[in-house]
Amino acid sequence: MDLHQLFVFTKVVEHKNFSKAADDVFLSQSTVSSHIKALEKSLNLKLFDRDGRDTILTPHGERLHHWAQKILLLKDEALLDLKREMMDFRGIVKIATSSVPGSFIIPSIIKHFNHVHPNISFHISESSSKRVVEHVLDRTVDIGILGKKYENDKLCYLPLQKEKLVLITSKELEFNGPVCLEEIIKHPLIMRSSDSGTRSLLNKFLEKKKISKEHLHTVVHTDSGNSLIQFVKQNIGISIISEIAAQEFASANLIHMYEIKDFHDERFFYLVYHKNKTLSLASKLFIEDVKELKLDTY
């Protein structure tokens, strides 16, 4: 079997689409189709059923995909062993991340990692914590980094960093901290989306205080942590966000940051991966590096 054909085959399986696989590996769709046809001919097996736009693995295709991942991983391991002293192992790690770790945690981890493996590159997509888990479960990414743990037998979590939530306001509004929740909800609020880890932790605190959503004066809902801070800076409302996200702006004297009275809940940011996905060597090296890395507040 041709290793490049196997590689192209795994990309078609990953994207469930010949056109998207072609874009990923920088080939034309016709070239990808030719590689698959040649692989099927060499094995004398049908690997895909084509139903309109859908590309569905046959049982033989599923078995080959299992072995193809192992064969390609073994190839990477062999290359790394041969080139270890040259430090030029190459690979790509696909990461889905929620907004806070995407902006404030991942850059420092990758900086540390790239000192050892400078030729490994990263594709990073940002979304809510819930969407991050969905991407990991459907195996479209290698690794997820998020602020909430969604229990599932197929997932393995590694705690990265511990943190808490804080209140932020514009420079035009001042409190005598710590600020109680009853005082906070008197003001217009800028809120994260319902799928975010921050919102999930805040909802638990509201339930504990027996405060319903109807008591909140929410003027803006946003999926973006950076956008949220800009709304607060403009004094459109106040917000409760990750201390990690707030610290940089508070230290630069762009916003005020306050502790929240009686709010002692802490949360972790996690690295998560699929137990049954055969990870690339680049992804395995990244996970091992994260395990050894001691982040500031963990």
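We now turn to the structure provided with this report. All values reported here derive from a predicted model rather than from experimental measurement.

Here's the deal with helix α7 (residues 129-137)
- For α7, the full list of buried residues reads Ser 129, Val 132, Val 133, His 135 and Val 136. In a view along the axis of α7, the buried residues occupy a sector of 160 degrees, so they form one face of it.
- Note on α7: the residue one or two positions beyond its end, Arg 139, has a positive phi of about 65 degrees.

Points about the packing of helix α6 (residues 106-116) against helix α12 (residues 281-292)
- In contact at an axis separation of 10 Å, α6 and α12 are set at 110 degrees when each is read in the N-to-C sense. By the angle between their axes, α6 is roughly perpendicular relative to α12. For α6 against α12, the interelement crossing comes out right-handed. Of α12, the residues touching α6 (which contributes Ile 109, Ile 110, His 112 and Phe 113) are Ala 282, Leu 285, Phe 286, Asp 289 and Val 290.
- In terms of residue class, the contact of α6 with α12 is made up of seven nonpolar, one polar and one charged.

Observations regarding unusual backbone geometry
- Phi at Lys 16 takes a positive value of approximately 55 degrees, unusual for a residue other than glycine.
- In this fold, Lys 16 is placed in the loop between α1 (3-15) and α2 (18-25).

Digging into the layout of surface pockets
- Roughly 1000 Å³ of volume is contained in the largest pocket.
- In terms of lining residues, the largest pocket is bounded by 39 residues, among which Phe 7, Thr 10, Lys 11, Glu 14 and Ser 280 are the most central.
- Looking at the lining of the largest pocket, the elements that each hand over two or more residues are α1, α2, β2 (54-57), α4 (59-83), β3 (91-97) and α12.
- When residues in the lining of the largest pocket are grouped by element, the largest group, eight residues, is from α4.
- Here the residues of the lining of the largest pocket sort into 16 nonpolar, nine polar and 14 charged.

Considerations on the packing of α1 against helix α3 (residues 29-43)
- Two numbers describe how α1 lies on α3: the axes approach to 9 Å, and their chain directions differ by 115 degrees. Regarding the angle of α1 to α3, the classification is roughly perpendicular. Considering how the two elements wind past one another, α1 and α3 form a crossing that is left-handed. Side by side, α1 and α3 meet where His 4, Gln 5, Leu 6, Val 8, Phe 9 and Val 12 of the first sit next to Val 32, His 35, Ile 36, Ala 38 and Leu 39 of the second.
- By residue class, the composition of the contact of α1 with α3 is eight nonpolar, three polar and no charged.

Structural notes on empty space enclosed by the protein
- Inspection of the entire model under this criterion finds four cavities of 30 Å³ or more.
- Considered as a void within the structure, the largest cavity measures approximately 110 Å³ in volume.
- As for the largest cavity, its lining consists of 15 residues, of which Ser 99, Val 100, Arg 192, Gly 225 and Asn 226 are closest to the centre.
- Put simply, the parts of the chain that give the lining of the largest cavity at least two residues each are α5 (99-104), α10 (225-233) and β9 (239-242).

Thoughts on the pairing of strand β5 (residues 143-146)
- Side chains of β5 alternate between two faces, with Ile 143 and Ile 145 and Gly 144 and Leu 146 buried alike.
- In this sheet, β5 lies alongside β3 in parallel orientation, the contact comprising three bridges. Note on β5: the bridge partner recorded for Thr 97 is Ile 145.
- Of the pairings in the sheet, the one linking β5 to strand β11 (residues 266-274) comprises three bridges and is antiparallel in character.

Regarding the environment of Ser 193
- Note that Ser 193 resides in the loop between β7 (189-192) and α9 (197-208).
- We classify Ser 193 as buried; its relative accessible area is 12%.
- With 65 residues separating them in the primary sequence, Ser 193 and Ser 128 have C-alpha atoms 7.8 Å apart.
- When residues no more than four places from it in sequence are discounted, the contact partners of Ser 193 are Ser 128, Arg 199, Thr 222 and Asp 223.

The rules we used
- Residues numbered from 1 in each chain as written.
- Predicted model: local features only at pLDDT ≥ 70, side-chain atom pairs only at ≥ 80, totals over all residues.
- Heavy atoms only, no water.
- Buried < 20%, exposed > 50% of the residue type's maximum accessible area, 1.4 Å probe, protein only.
- Helix = DSSP H or I, 4+ residues; strand = E, 2+ residues; numbered from the N terminus.
- Arc of directions from axis to C-beta.
- Axes fitted to C-alpha atoms, helices over the stretch in contact; angles between N-to-C directions.
- Parallel < 35°, antiparallel > 145°, perpendicular 65-115°, else oblique.
- Left-handed = near helix turned anticlockwise from the far one by under 90°.
- Contact = heavy atoms within 4.5 Å.
- Nonpolar A, V, L, I, M, F, W, Y, C, P; charged D, E, K, R; others polar.
- 1 Å grid on protein atoms, 1.4 Å probe; cavity = no way out; pocket = protein on both sides within 12 Å on 5 of 7 lines; lining within 4 Å.
- Points joined across faces, edges and corners; volume = space filled by probe spheres on them.
- Pairing = 2+ DSSP bridges.

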